Amino acid sequence: MRVISQVQAGNWTFWVRVAGQSLRRRLSKGKIMFAGTAFSVALLVFLQAFLNGVNDLVIHNAARFRDGHVAAWWQAKDVEELGALAQRLRSLPEIETVALRTMRQGILRHDGTALAPADLYGIDPASERNFSFVSGWMMGGRFDPGPGEIVLGHVVAGTLGVTAGDTVELLLSTGTSTSLRVIGILDASQWGDPYTAFTNFDPAPNDTLEVAILITSPDQADAVASRLKGILPESARIETWRGLLGRLMELVQISNAASVLTVALVALILAFGISSMTFVSVAERTREFGILKTIGITPLWIACLLLCETALLIGAAAVAGVLLGVGAVRVILLAGGVNMSGLFHYLPLFASGGPVMPRLTLPAMLLPLLAALFSGLVASLLPSLKAARISVVEALRTL
Amino acid sequence: MIYGQDSTCSLALRDISLTISPAEFVSIMGTSGSGKTTLLSLAAGLCHPTSGRVELLGRDLTGLREGALARLRRRHVGFVFQTLNLMPAMTVAQNVELPLVITGQPALQRASRVQLLLHLAGLEDKAQAYPGALSNGQQQQVAVLRAVAHRPDIIFLDEPTSSLDSERASVLLDLIAFLNRTESSTVILTTHDPIVADRASRRLHIRDGALAGTF
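Keep in mind it's a predicted model, so treat the numbers as computed, not measured.

Colleague: What's the story with the interface of chain A and chain B in this structure? I'm lost.
Modeller: How big an interface is tends to be stated in terms of the accessible area lost upon association of its parts. Counting from both sides, the interface comprises 32 residues of chain A and, opposite them, 32 residues of chain B. Roughly 2,700 Å² is buried in total at the junction of chain A and chain B, and carbon and sulfur atoms are behind 63% of that figure. Counting the contacts that link chain A with chain B gives one salt bridge. Notably, a salt bridge pairs Lys293(A) with Glu66(B), separated by 2.6 Å at the nearest N-O pair. On inspection of chain A and its partner chain B, the count reaches six residue pairs in polar contact (both at pLDDT 80 or more). Among the secondary structure elements, those contributing two or more residues to the side of chain A that touches chain B are helix 1 (2-10), helix 2 (12-25), helix 10 (286-295), helix 11 (299-334) and helix 15 (392-397) of chain A. Looking at the side of chain A that touches chain B element by element, the count peaks at eight residues for helix 2 of chain A. Its residues placed into classes, the side of chain A that touches chain B shows 16 nonpolar, eight polar and eight charged.

So this is what it looks like as structure tokens:
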């Protein structure tokens, strides 16, 4: 291209140096544009990181309702190795905590007459407390079922007409029956299964085994699922939160789209400011452009020079803005995050606990920077073309 | 050459027919508003005539687009204005270097040419200064150096000494005359000062947009 070859012939370092000198010279006007751009970019970086943190918290809390960020199910064959499996999973760096559960179906009977179907989840109460919110949904009694004990969902308890302290009989498809003491009643609606009952973790062959995993960042779910394939039996079915919490996934996507829209809006406002300031600059430098044209610089080259100056200024401001935004995020992280449970106490996904910890990602830093640069260049296009079209004779009459 | 439209139009030049030979030093003298700047602008290809033709170095400028005119000026023309010639954001050295950058000279050649020219004008110590730190006379000297840096075939100077006192004007004219002799550039200079006009080998007089004679 002719312009590029001219610039190459003309030594681009000379022009970059001159553009920097020109910006320094117009510091008082340039610093308004610089500050505005830097502040806008910093705000956007912080906002993006904060929204990432909100998404992480909401997904984390939703995952703690039951299945975690990653869950896997398979038919039990060798129950002896489950302990080692749990240890191995807990050693993975991405994994925050693991809950192992057994699942089996049975019939519960009380007083010889009342019958109710039950989905029995065998749990380790201590792990389950760390993992999910289920222990907070008790309607009476206590949560930690030991051997010979059972926690009933309120629907099952209602059907059987039992309360904490009563005894029920568990009938399994294998033909065995076991007597269990009811130690607590649970609000099963939060768990999502009205026939829920919790017993102590006691895996038997042919039980369905479930491992539910909480990870440090929801973005790592696919990677963890991939690693699980190498650890679990081949027959294991593995799901991530994207499939388990489909509705939430949609909300997260909407939130991401909204944040991109915010970036675009701020970039548009920035563009108006840059455009008007650049027009003023062109008007003030009319004679300069006239002299350059006299010396032999083509109109297109003048437009490129102005764009180069804008790119330098906006680029530097955008980088400063990113650093500022990163600094703000670090300050919030050092302060322990932002506790939003007071503000949104009516939303379980916030109120369930934990502050919002802003999370910086490469897109969170790059998107505002590139948006500022792009809007700056687009905004200075018209003023640059105006500078290029300045009549030499008229420009030289200007003092 | 007519400026303006309808009732506001004014005839800047009329019936101009002029040929200037290579390496000539020509002065065009006239009062303010006589059409000197317009004549220079036409000759340098900064604007097009309302009617007629302009040939520069054998090339018809009529109908050439702005980009083509710029490329022609870049290689073959140097221009010095009455005042405010220099790029304020560039140092003295960068101002002189500018035409060499535009014509694609390698950095080493540019540096040595700039050094030579600044030495010629006794301005080596001002190389890194900005135009604002120079006197009017020094600024005009730098403007002349910039105009000749790329060894153009022709240099146009529009009242280069009008803002200078007689001593500085004389120094500047000595520099111009020296460069005319050593670089063999054609020099066309406009002025309203007869003393300045006398420095040229050929002197033209312009009045009310028309050439009034040679003297």
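Colleague: I keep staring at the layout of surface pockets and nothing clicks. Help me out?
Modeller: The gaps of empty space that remain are located by a probe, the size of a water molecule, rolled over the atoms. All names here are of chain B. In this structure, the largest pocket encloses a volume near 940 Å³. Lining the largest pocket we find 35 residues, and of these Leu-18, Ala-43, Arg-53, Val-54 and Glu-55 sit closest to its centre. Looking at the lining of the largest pocket, the elements with two or more residues in it are helix 1 (36-43), strand 4 (55-56), strand 7 (154-158) and strand 8 (186-191). Among the elements that take part in the lining of the largest pocket, helix 1 stands out by supplying four residues, more than any other. Each residue belonging to the lining of the largest pocket can be placed in one class, and the counts come to 22 nonpolar, eight polar and five charged.

Colleague: In this structure, what is going on with empty space enclosed by the protein? I would like to understand it.
Modeller: All names here are of chain A. For the structure on display, the rule yields four cavities of 30 Å³ or more. Roughly 160 Å³ of internal volume is contained in the largest cavity. Lining the largest cavity are 15 residues, and of these Val-18, Arg-285, Leu-292, Leu-305 and Glu-309 sit closest to its centre. For the lining of the largest cavity, the secondary-structure elements that each account for two or more residues are helix 2, helix 10 and helix 11.

Colleague: Any chance you could explain helix 14 (residues 381-388) of chain A here in plain terms?
Modeller: Because an α-helix packs 3.6 residues into every turn, residues spaced three or four apart end up facing the same way. All buried positions along helix 14 of chain A are accounted for by Pro383(A), Ser384(A), Ala387(A) and Ala388(A). For helix 14 of chain A, the arc enclosing every buried residue in end-on projection is 145 degrees, short of the 170-degree limit, so these residues lie on one face. Packing partners of the buried residues in helix 14 of chain A comprise helix 9 (246-284), helix 10, helix 11 and helix 13 (362-379) of chain A together with helix 2 (66-76) of chain B.

Colleague: Any chance you could explain the confidence of the model for chain B here in plain terms?
Modeller: As a note on interpretation, predicted positions should not be read in detail where pLDDT is low. Residues and elements named next belong to chain B. Residues with a pLDDT of 70 or more make up 93% of chain B, whose mean pLDDT is 84. Confidence, expressed as mean pLDDT per element, reaches its minimum in chain B at strand 1 (residues 2-3) with 53 and its maximum at helix 3 (residues 92-102) with 93. Under a pLDDT of 50 for its full length, residues 4-8 has, in the predicted model, two contacts with residues more than four places off or in other chains. Both confidence scores are given for the complex: pTM 0.75, ipTM 0.86.

Colleague: Would you mind showing me how to read the environment of Thr37(A) here?
Modeller: Residue and element names in this part refer to chain A. In this fold, Thr-37 is placed in helix 3 (residues 27-63). On the accessibility criterion, Thr-37 (0% relative accessible area) is buried. For Thr-37 and Leu-186, which are 149 residues apart along the polypeptide, the C-alpha to C-alpha distance reads 54 Å. Discounting chain neighbours no more than four positions away, the residues touching Thr-37 are Leu-270, Ile-274, Ile-314, Ala-317, Ala-318 and Ala-372.

Colleague: Teacher, can you tell me more about the nonpolar core here?
Modeller: One broad rule of soluble globular proteins: the nonpolar side chains tend to lie buried together. One finds Trp15(A), Phe289(A), Leu292(A), Ile297(A), Leu98(B) and Phe156(B) to be the most contacted residues of the largest nonpolar core, which totals 48 residues. Not counting residues up to four positions away in its chain, the partners in contact with Phe289(A) are Val282(A), Ile302(A), Leu306(A), Ala387(A) and Ile390(A). Counting 36 residues, the second largest nonpolar core, distinct from the first, contains Val92(B), Ala93(B), Leu145(B) and Val196(B).

Colleague: It is not clear to me how the pairing of strand 8 (residues 196-200) of chain A should be interpreted in this structure. Could you clarify?
Modeller: Residue and element names in this part refer to chain A. Along strand 8, four of the five residues are buried, which leaves the element largely enclosed by surrounding structure. Where strand 3 (residues 114-123) lies against strand 8, five bridges are found, and the strand directions are parallel. Residue pairing for strand 8: Gly-122 is matched across the bridge by Thr-199. With three bridges joining them, strand 5 (residues 149-153) and strand 8 adopt antiparallel strand pairing. From the neighbouring strand, Leu-152 faces strand 8, where its bridge partner is Ala-197.

The rules behind the values
- Residues numbered from 1 in each chain as written.
- Chains lettered and ligands numbered in written order.
- Predicted model: local features only at pLDDT ≥ 70, side-chain atom pairs only at ≥ 80, totals over all residues.
- Heavy atoms only, no water.
- Contact = heavy atoms within 4.5 Å.
- Buried area = accessible area lost by both parts, 1.4 Å probe.
- Salt bridge = Lys/Arg side-chain N within 4 Å of Asp/Glu carboxyl O.
- Polar contact = N/O pair within 3.5 Å; in protein donor to acceptor, adjacent residues only side chain to side chain.
- Helix = DSSP H or I, 4+ residues; strand = E, 2+ residues; numbered from the N terminus.
- Nonpolar A, V, L, I, M, F, W, Y, C, P; charged D, E, K, R; others polar.
- 1 Å grid on protein atoms, 1.4 Å probe; cavity = no way out; pocket = protein on both sides within 12 Å on 5 of 7 lines; lining within 4 Å.
- Points joined across faces, edges and corners; volume = space filled by probe spheres on them.
- Buried < 20%, exposed > 50% of the residue type's maximum accessible area, 1.4 Å probe, protein only.
- Arc of directions from axis to C-beta.
- pLDDT = per-residue confidence, 0-100.
- Core = buried A, V, L, I, M, F, W, Y, C linked by side-chain atoms within 4.5 Å.
- Pairing = 2+ DSSP bridges.

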